[in-house]
Amino acid sequence: MIKQRLFTPGPTPVPEETLLELARPVTYHRTAEQRQILTEVMENLQYVFQTKNPVLVLTASGTGGMEACVSNTIAPGQKAILLCAGRWGERWRGILKAFGTNLISIDAEYGKAIPPEQLEKALKEHPDTVAVFTTLNETSTGVALDIESYGKLVAATPALLAVDAISGLGAMECRTDDWKIDLCVTGSQKALMMPPGLAFVTASEKAWQRMETPANRSFYFDLKRYKAKLNEPDTPFTPANTLIKAQRISLAKIKAEGIEKVWARHLLLGKATRAAIQAMGLSLFAERPSNALTVITVPAGIDGNAVLSKMEKNYGYKLANGQDNLKGKIWRLSHMGWCDPFDVIGAISALELVLTDSGFPLTSGAGVAAFQKVIAGKQ
Ligand SMILES: *Cc1c(COP(=O)(O)O)cnc(C)c1O
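These numbers come from a predicted model, not from an experiment. The residue numbers shown here count from 1 along each chain, following its written sequence. For this predicted model, a pLDDT threshold of at least 70 governs which residues receive local features, and a threshold of 80 or more governs which side-chain atom pairs are given and counted, while totals over whole chains, interfaces and linings are taken from all residues. In computing side-chain values, all of the structure's heavy atoms are included and hydrogens and water are not.

Engineer: Quick rundown of the sheet that holds strand E3 (residues 79–84)? Include the residues and the values.
Structural biologist: What holds strands together in a sheet is hydrogen bonding between their backbones, with the strands either parallel or antiparallel. For two strands to be treated as a pair, DSSP must find no fewer than two bridges joining them. Numbering goes from the N terminus for both helices and strands, where a helix is a DSSP run of H or I of at least four residues and a strand is a run of E of at least two. Taken in spatial order, the seven strands of this open sheet run E2-E10-E9-E8-E5-E3-E4, and their pairing is mixed. The open sheet has two free edges, formed respectively by strand E2 (55–59) and strand E4 (102–107), since each of these has just one partner strand. When strand polarity is set aside, the average angle formed by the axes of neighbouring strands in this sheet is 20°. With three bridges connecting them, strand E8 (residues 160–164) and strand E9 (residues 183–187) associate as parallel partners. Counterpart to Asp-164 in the pairing with E9 is Val-185. To obtain each axis, a line is fitted to C-alpha atoms, and for helices this fit is confined to the stretch in contact; angles are then taken between N-to-C directions over 0 to 180 degrees.

Right, dumping it as structure tokens:
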């Protein structure tokens, strides 16, 4: 018997209490009870986003929330700057193109971050920019982008800063208001410890003002419709109310732990995992590594795909492969959400076994020892 263990950067494991809530009978959605649940969920989302502005609940995957940011704020032909450091930057590009945006693109080589100076220069060259799009944690490469610095630059201009925080929010520090993020999006299935199906979007005063000029080009994702229902509170369309009830349980867990402690736990997991990987003689793919996942470069002479199959078949550990051109070249090990050191140390141990079996020279236990050292140093 081998237990299946999910270490992909979305979906991620879900706590038992949340799974139990998901097993309960379906209920009607326009009730006082549901309103009370939605109120609590939105309040706790404000806490996780670190914002005073309302957080809207959309029934969609994260991409739906990203599309809402574009379709509500930019008219065709208007200019936007895209800071693209991987596949999820490319997702912004796809949406922006579909909505006819005039795109100025700053592209980082995969694995690299984007220095704020590049954005500063682009903003100077393009004073007619109406929005800047970027990613908190580029899940395809494991790179964390410097949102705080971007926020300072964009806040000094009329442009909006839109951040895809889908895999970062709830894992790494993200202060929506203090960092001057105008549009911040996340999804339920990454660090918020839920199955896929919900997207959450918050907009600053500056962004809501922009939405007063009728740029909106969507119906289902018309954010003003969601805002108009906030007083009840309700949603304009039938929400995935079963998921909202379950999200309440997972958010309560985050609230009880405290968001700063949640960030600290992820920082510790990130540090310990990076130490383990380096102690095993492997190298990290990301230049500015995020604490939500660790991305490992497949060493020369090792079949990256075969290692992942063995991890799953022999030991039950499901890690993620690289996407597109990076398939077979990197391994992505998630430690976000419902995850503690003794989940991850198992994955490190299994990776040591598989690598040794694959002929990679490695001292047995080197990664595990390095991991333990970081954890012990903390206590
Ligand atoms: C997972 C992910 C997405 C995609 O979200 P969906 O829920 O699949 O639509 C977008 N951006 C980032 C950074 C992600 O990690």
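Engineer: Before we move on, can you summarise the site of the ligand with the specific residues and values?
Structural biologist: Surveying the vicinity of the ligand reveals the residues Ser-61, Gly-62, Thr-63, Trp-88, Thr-135, Asn-137, Thr-139, Asp-164, Ile-166, Ser-167, Gln-189 and Lys-190. Each polar contact in these results corresponds to two N or O atoms within 3.5 Å; when the atoms are within protein, one needs to be able to donate a hydrogen and the other to accept it, and residues that are neighboring in sequence are counted only if both atoms are side-chain atoms. Within the backbone of Gly-62, one N or O atom sits 2.8 Å away from an oxygen atom of the ligand. The contact in question runs from a nitrogen atom of the ligand to an N or O atom on the side chain of Asp-164, over 2.6 Å. Taken together, the residues of the shell around the ligand sort by class into two nonpolar, eight polar and two charged. For this description, a residue counts as near a given molecule or strand if any of its non-hydrogen atoms is within 4 Å of it. Amino acid classes used here: Ala, Val, Leu, Ile, Met, Phe, Trp, Tyr, Cys and Pro are nonpolar; Asp, Glu, Lys and Arg are charged; the rest, including Gly, are polar.

Engineer: Would you mind going over the domain arrangement of the chain in detail, with residue names and values included?
Structural biologist: Reported domain spans reflect what an automatic or database domain assignment gives. Looking at the assigned domains, one finds that the chain contains domain 1 (5–10 + 258–375) and domain 2 (16–257). Placing a centre on the C-alpha atoms of domain 1 and another on those of domain 2 gives a separation of 28 Å. Two residues form a contact once any of their heavy atoms are found within 4.5 Å. Counting residues at the interface gives 27 residues for domain 1, matched by 35 residues for domain 2. Surface buried jointly by domain 1 and domain 2 totals about 2,600 Å² across both partners, of which 57% is contributed by carbon and sulfur atoms. Accessible surface is computed with a 1.4 Å probe, and the buried area is the amount of it that two parts give up when combined, taken over both parts together.

Engineer: Got a sec to walk through the pattern of salt bridges? Specific residues and values, please.
Structural biologist: Every case where a carboxyl oxygen of Asp or Glu lies within 4 Å of a side-chain nitrogen of Lys or Arg is listed as a salt bridge. All told, the structure shown has 17 salt bridges when counted by the stated rule. Between Glu-40 and Arg-248 there is a salt bridge; the shortest N-O distance is 3.0 Å. Linking Glu-40 in helix H2 (residues 32–49) with Arg-248 in helix H9 (residues 241–257), this pair joins segments that are 208 residues apart in sequence. Accessibility here uses a 1.4 Å probe with only protein chains present; expressed as a share of the type maximum, an area under 20% marks a residue as buried, one over 50% as exposed, and anything in between as partly exposed. Glu-40 gets classed as partly exposed once you look at its relative accessible area, which sits at 22%. Classification of Arg-248 as partly exposed rests on a relative accessible area of 27%. Of the charged contacts, one joins Arg-93 and Asp-107 as a salt bridge, the two residues approaching to 3.0 Å between their closest N and O atoms. Of this pair, Arg-93 sits in helix H4 (residues 87–98) while Asp-107 sits in strand E4, and the two are 14 residues apart along the sequence. Three or more residues joined by partner-sharing salt bridges are found here, namely Glu-90, Arg-93 and Asp-107.

Engineer: Residue-level account of the packing of helix H5 (residues 116–125) against helix H6 (residues 147–155), with values.
Structural biologist: Relative placement of two packed helices is described by the angle separating their axes and the distance separating the axes. Between H5 and H6, the least distance of the axes is 9 Å, while the angle of their chain directions is 15°. The orientation of H5 with respect to H6, classified from their angle, is roughly parallel. For H5 against H6, the interelement crossing comes out right-handed. Residues Pro-116, Leu-119, Glu-120 and Leu-123 of H5 lie in contact with H6, whose contacting residues are Ser-149, Tyr-150, Leu-153 and Val-154. Taken together, the residues of the contact of H5 with H6 break down into six nonpolar, one polar and one charged. For classification purposes, an angle smaller than 35 degrees is called roughly parallel, one larger than 145 roughly antiparallel, one from 65 to 115 roughly perpendicular, and anything else oblique. It is the rotation of the near helix from the far one that decides the hand of a crossing: anticlockwise by less than a right angle makes it left-handed, clockwise makes it right-handed.

Engineer: Go over the pairing of E2, please, and point to the residues and values.
Structural biologist: E2 sits mainly inside the fold: four of its five residues count as buried. Sheet topology note: the E2/strand E10 (residues 198–203) ladder contains five bridges and is antiparallel. Residue pairing in the sheet places Val-57 in a bridge with Phe-200 of E10.

Engineer: Please set out the environment of Gln-372 residue by residue, giving values where relevant.
Structural biologist: Mapped onto the fold, Gln-372 is located in helix H13 (residues 366–378). In this structure the C-alpha to C-alpha distance between Gln-372 and Leu-136, which are 236 residues apart in sequence, comes to 28 Å.

Engineer: Tell me about the packing of aromatic side chains, and please be specific about residues and values.
Structural biologist: Here is the rule: rings of Phe, Tyr and Trp (six-membered ring for Trp) pair when centre to centre is within 6.5 Å. Planes less than 30 degrees apart are stacked, more than 60 are edge-to-face, and the remainder are tilted. Evaluation of the coordinates by the stated rule reveals six aromatic pairs. For the ring pair Tyr-226 and Phe-237, a centre distance of 6.0 Å and an interplane angle of 70° mean the geometry is edge-to-face. Of this pair, Tyr-226 sits in helix H8 (residues 223–228) while Phe-237 sits in the loop between H8 and H9, placing them eleven residues apart in sequence. Owing to a relative accessible area of 5%, Tyr-226 belongs among the buried residues under this scheme. One aromatic cluster in this structure is built from Phe-219, Tyr-220, Phe-221, Tyr-226 and Phe-237. It is Arg-225 that lies over the ring of Phe-219; its NZ or CZ is 3.9 Å from the centre. Both a distance and an angle decide whether a charge sits over a ring: NZ of Lys or CZ of Arg must be within 6 Å of the ring centre and within 35 degrees of the ring normal.

Engineer: Residues and numbers for the sheet that holds strand E12 (residues 293–297), please.
Structural biologist: The four strands are arranged E11-E12-E15-E14 in an open sheet whose pairing can be described as antiparallel. Across the chains shown, the open sheet's two edge strands, defined by having one partner strand only, are strand E11 (283–284) and strand E14 (320–321). Here E14 runs beside strand E15 (residues 330–334); their pairing, made up of two bridges, is antiparallel. Bridge pairing links Ala-320 to Arg-332 in E15.

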